[in-house]
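Now for the letters of each chain:
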Amino acid sequence: EAGVTQSPRYAVLQEGQAVSFWCDPISGHDTLYWYQQPRDQGPQLLVYFRDEAVIDNSQLPSDRFSAVRPKGTNSTLKIQSAKQGDTATYLCASSPGTYSNERLFFGHGTKLSVL
Amino acid sequence: GDSVTQTEGLVTVTEGLPVKLNCTYQTTYLTIAFFWYVQYLNEAPQVLLRSSTDNKRTEHQGFHATLHKSSSSFHLQKSSAQLSDSALYYCALSPGTGGYKVVFGSGTRLLVSP
């Protein structure tokens, strides 16, 4: 089966610029996650969806970050005005959501550098 | 809130020797699942082990881990490390209720040398 697809693979921005990341989960997976992984740190949850609904976005910096999953399939994470502290790899993951405690399937991530 | 602690940032071991990566956790949930994910260079994290049963050993690809709720631990071990085991290892937990949130530890880099 096809895995989780993310694009772009890399992005380099100046502070203040905007950027969008796109994720296509595994077909049939109703739960989708966005994680931020700073260099040499573990993935930190930003937001996750069940179908099109946001379940938890408490760790998403709402003043500059936004995430949508309008049809319950693909998802977009957007940073409106990037800061150097946003430099990290942004990972998308999906899971079947048949029951809780499911393993996550990760994409390769988007490596963001903010200069 | 829930948290996962991996105390070693880097573990180095000689090929053929045993290795142990530590993982402890804090959670208020009674029903929980634990995972070890491995991330090879320039690859996505992928699941290595999963367990939700107290005191039951789980094995995969030569690695094993046992969930011990009494000590809040889920350490990863291998009896004979291989060069190909060099990677980042993350311990993670997922509560059985309250949604599908998965919390990761900070990760341990395992470096196996000849």
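About the thresholds
- Residues numbered from 1 in each chain as written.
- Chains lettered and ligands numbered in written order.
- Predicted model: local features only at pLDDT ≥ 70, side-chain atom pairs only at ≥ 80, totals over all residues.
- Heavy atoms only, no water.
- Contact = heavy atoms within 4.5 Å.
- Salt bridge = Lys/Arg side-chain N within 4 Å of Asp/Glu carboxyl O.
- Polar contact = N/O pair within 3.5 Å; in protein donor to acceptor, adjacent residues only side chain to side chain.
- Helix = DSSP H or I, 4+ residues; strand = E, 2+ residues; numbered from the N terminus.
- Phe/Tyr/Trp six-rings, centres within 6.5 Å; stacked < 30°, edge-to-face > 60°.
- Buried < 20%, exposed > 50% of the residue type's maximum accessible area, 1.4 Å probe, protein only.

1. Some thoughts on the interface of chain B and chain A
Turning to step 1, where the next piece is worked out: In this assembly, 25 residues from chain B lie in contact with 24 residues from chain A.
Turning to step 2, where the next piece is worked out: On the surface where chain B and chain A come into contact, there are 0 salt bridges.
Turning to step 3, where the next piece is worked out: Our count for the contact surface shared by chain B and chain A stands at 6 residue pairs in polar contact (both at pLDDT 80 or more).
Turning to step 4, where the next piece is worked out: The element that contributes the greatest number of residues to the side of chain B that touches chain A is strand β5 (residues 32-39) of chain B, accounting for 5 residues.

2. Quick word on the packing of aromatic side chains
Turning to step 1, where the next piece is worked out: Here the structure, examined in full by the defined rule, presents 14 aromatic pairs over all chains.
Turning to step 2, where the next piece is worked out: Consider the rings of Phe34(B) and Phe74(B), whose centres lie 5.7 Å apart with planes at 45°: the pair is tilted. Note that Phe34(B) is positioned in strand β5 and Phe74(B) in the loop between β8 (63-66) and β9 (76-78), a separation of 40 residues in sequence.
Turning to step 3, where the next piece is worked out: Judged by its relative accessible area of 0%, Phe74(B) is buried.
Turning to step 4, where the next piece is worked out: Aromatic rings pair up to connect Tyr33(A), Tyr35(A), Tyr48(A), Phe106(A), Phe35(B), Tyr37(B), Tyr90(B) and Phe104(B) into one cluster.

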